[in-house]
Amino acid sequence: MTKRATTAEKLADLRERLDKAQDPGSERSRARRDEAGRTTPRQRINELLDEGSFVETGALAKTPGDKDAIYSDGVVTGYGRISGRPVCIYAHDKTVYGGSVGVSFGQKVVNVMEMAIKIGCPVIGIQDSGGARIQDAVTSLAIYSEISRRQLPLSGRSPQISIMLGKCAGGAVYAPVTTDFVIAVDGEAEMYVTGPNVIREVTGEDVTSAELGSARQQELNGNVSALVGSEDEAFDLVRDLLDHLPLTCFDPAPVFEAPTDEEVSEAEELNEFMPDDSNAGYDMLELLAQLGDDDELIELQENYAPNMITAFGRIDGKTVGFVANNPMHLAGCIDADAADKGARFIRICDAYNIPLIFVVDTPGYLPGVDQEKAGLIHRGAKFAFAVVEATVPKISLIVRKAYGGAYAVMGSKNLTGDINFAWPTAQIAVMGSAAAVVMIAGKQLDAAETPEARAMTKKMFMDFYDETMTSPYVAAERGYLDAMIEPNESRLALRRALRQLETKDVRDLPKKHNISPL
């Protein structure tokens, strides 16, 4: 007759199992991890979350039908708090099946995602995985699809953040790039659909893992929101991001202390900010810092399409999204990559009810054969589409050049911008004077008898064009600007505009969904 276990024995058995589940990888894999100086998934989670707040789920999950299966199945899942607010979280465990996705792994991740859908909170994934578990064949693909399916109801409803801390391939990169933000650690993270060994075997191309998918390379490819130097920096950035975002699209974002109106109205230094030479460069990020409450900006995709700046900041203590041209790169022209970057950021801000501040200094869309081949037509149209589609407050501040279609898409009133301001240094026209002189005065230039005469004719026309055709007062007279303001009035003007637009309510015509450009 089998002896029935006592309660004390059952408790001891439970404790033994839970203890084994704490770091269940093989001795060899754990030693390799420790030698590399990498942290465990539970250490990573506890470092990110508020102290003592993590509650683990599925610690004793195993691959069904496998007597040698390992606890956790390669992922740690659960929930906790960041800055006192709820989050759901999961972290791959590279020491268990290489962090690859199997049935129990997938079910654990699906469970925390469904909890996030039910309660309304962000989902954070700490990614360090080889992708699908090959030995599980179609089952692994099916469970990856189950995970992906839960991303759609979360998308635009609650923030989703991916932290890339190791080599990730296949589904382990498809899933993260579907989230709102991808944060990669330099020197640690690598991302690719297929690794260098498979590429070498199938196509004959010889490439190193770092060349193919290093964090720096993927940032340049547009697949990374932010590149950071360490795990700690990644966790700090996640906390900062969440401080700028709501729990769901139905909740307000956190509000922080801000300077008073009296304090921001004393920004006399802004009157001296803009260079007298209209072609001189300047630091647009420095200007954004002076327009907001402080210099604590979160710039996204810093090294991808740097001619367009997308950044979170605060005005009047509340989160805003800055979309700004950067005159230090391509003179602030909008190219195909910049259009993609701006469009996605605008959609993120719109989804989470974050007002948009366009700071404009652009000579237009970037011309060129390469840009046409890159699809500037449809990618540029996506940017305009995102601007019109957004229903959040949209405020435009034209500080210098605003030419052509780029003027229109940078929050103009004609493309649904709510309030438009301009500095007296603004230049608004179909094109700049250098291009216009060729289009309008080409015959006079060709008729010039000497190079000196040609230069003189060109200068005279350009001076006349700049004085009469690009003057911001032409736009103001026609009602395309709400106000011409002095630069030192900008901070107060932006605050008042945001307060006025706080109850803005715009609804689209009834339909299933929009169709974005090709």
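See the structure above.
How each quantity is defined
- Residues numbered from 1 in each chain as written.
- Predicted model: local features only at pLDDT ≥ 70, side-chain atom pairs only at ≥ 80, totals over all residues.
- Heavy atoms only, no water.
- Buried < 20%, exposed > 50% of the residue type's maximum accessible area, 1.4 Å probe, protein only.
- Helix = DSSP H or I, 4+ residues; strand = E, 2+ residues; numbered from the N terminus.
- Pairing = 2+ DSSP bridges.
- Patch = residues over 30% accessible without salt bridge, like charges linked within 9 Å, V, L, I, M, F, W, Y side chains within 5 Å.
- Areas by Shrake-Rupley, 256 points an atom, 1.4 Å probe, with all protein chains shown as cover.
- Salt bridge = Lys/Arg side-chain N within 4 Å of Asp/Glu carboxyl O.
- Lys, Arg positive; Asp, Glu negative; His and termini not counted.
- Charge placed at Lys NZ, Arg CZ, Asp CG, Glu CD.
- Contact = heavy atoms within 4.5 Å.
- Phe/Tyr/Trp six-rings, centres within 6.5 Å; stacked < 30°, edge-to-face > 60°.
- Lys NZ or Arg CZ within 6 Å of the ring centre and 35° of its normal.
- Disulfide = S-S within 2.5 Å.
- 1 Å grid on protein atoms, 1.4 Å probe; cavity = no way out; pocket = protein on both sides within 12 Å on 5 of 7 lines; lining within 4 Å.
- Points joined across faces, edges and corners; volume = space filled by probe spheres on them.
- Nonpolar A, V, L, I, M, F, W, Y, C, P; charged D, E, K, R; others polar.
- Axes fitted to C-alpha atoms, helices over the stretch in contact; angles between N-to-C directions.
- Parallel < 35°, antiparallel > 145°, perpendicular 65-115°, else oblique.

A.B. asks: Just to check I follow, could you spell out the pairing of strand β2 (residues 75-82) for this structure?
C.D. replies: Regular strands place their side chains on alternate faces of the sheet. Among the eight residues in β2, six count as buried, and that is most of the element. Two strands pair when backbone bridges link them, and strand β1 (residues 55-57) and β2 are joined in this way by three bridges, in the antiparallel orientation. Paired with Thr 57 across the strands is Thr 77, a residue of β2. In terms of strand pairing, β2 meets strand β3 (residues 85-92) through eight bridges, oriented antiparallel. What sits directly across from Tyr 79, in β3, is Cys 88. Connecting β2 to the antiparallel partner β3 that follows it, the hairpin turn spans two residues, and Ser 83 within it adopts a positive phi of roughly 55°.

A.B. asks: Explanation requested: a negative patch on the surface in the structure shown.
C.D. replies: A cluster of acidic residues, Glu 262, Glu 263, Glu 266, Glu 268, Glu 269, Glu 272, Glu 486 and Glu 489, forms a negative patch on the protein surface. Along the polypeptide, Glu 269 turns up in the loop between α11 (261-264) and α12 (284-291). Owing to a relative accessible area of 44%, Glu 269 belongs among the partly exposed residues under this scheme.

A.B. asks: For this particular structure, what's the right way to read the side chain of Gln 218?
C.D. replies: When you line up the elements, Gln 218 lands in helix α9 (residues 215-220). In this structure Gln 218 comes out as buried when scored by relative accessible area, which is 7%. Those residues in contact with Gln 218 that sit more than four places away from it in its chain are Met 191, Tyr 192, Leu 212, Gly 213, Asn 223 and Val 224.

A.B. asks: Can you help me understand the packing of aromatic side chains in this one?
C.D. replies: In this description, an aromatic ring pair is defined by two values, namely the gap between the centres and the angle between the planes. Applying the stated criterion to the full structure yields three aromatic pairs. Ring plane angle 80° and centroid distance 5.5 Å describe the contact between Phe 273 and Tyr 282, whose orientation is recorded as edge-to-face. Ring plane angle 50° and centroid distance 5.2 Å describe the contact between Phe 312 and Phe 345, whose orientation is recorded as tilted. Pair noted here: Phe 312 is in strand β11 (residues 308-315) and Phe 345 is in helix α13 (residues 336-351), with a separation of 33 residues, a long-range link. Counting every residue linked through ring pairs, the aromatic cluster contains Phe 181, Phe 312 and Phe 345. Arg 314 extends its terminal NZ or CZ atom over the ring of Phe 256, reaching a point 3.9 Å from the ring centre.

A.B. asks: Whenever I open this one, the state of the cysteines confuses me. Can you help?
C.D. replies: Cysteine pairs can be covalently joined through their sulfur atoms, and such a bond is termed a disulfide. In the structure shown here, the tally under the stated rule is zero disulfides. The thiol of Cys 349 is unpaired, and the distance to the nearest cysteine sulfur, on Cys 249, comes to 14 Å. Here Cys 349 falls in the buried class, since its relative accessible area comes to 0%.

A.B. asks: What should I look at first to understand empty space enclosed by the protein in this one?
C.D. replies: A probe as big as a water molecule, rolled over the atoms, marks out the empty space that is left. What the rule picks out here adds up to two cavities of 30 Å³ or more. The space that makes up the largest cavity amounts to roughly 50 Å³. Lining the largest cavity are Tyr 90, His 92, Val 101, Phe 105, Val 109, Gln 127, Tyr 144, Ile 147 and Ala 175. Looking at the lining of the largest cavity, the elements that each hand over two or more residues are β3, α4 (103-119) and α5 (138-154). Here the lining of the largest cavity is built from residues that sort into seven nonpolar, two polar and no charged. Empty space within the second largest cavity amounts to approximately 40 Å³.

A.B. asks: Please clarify how the packing of α4 against α5 should be interpreted in this entry.
C.D. replies: Any two packed helices are characterised by the angle at which their axes cross and by the distance between the axes. Two numbers describe how α4 lies on α5: the axes approach to 9 Å, and their chain directions differ by 10°. The pairing of α4 with α5 is recorded here as roughly parallel in orientation. Counted together, Val 103, Gly 106, Gln 107, Val 109, Val 110, Met 113, Glu 114, Ala 116 and Ile 117 of α4 and Thr 139, Ile 143, Glu 146, Ile 147, Arg 150, Gln 151, Pro 153 and Leu 154 of α5 form the full contact between these two elements. Along the lines of polarity and charge, the residues of the contact of α4 with α5 split into 10 nonpolar, four polar and three charged.

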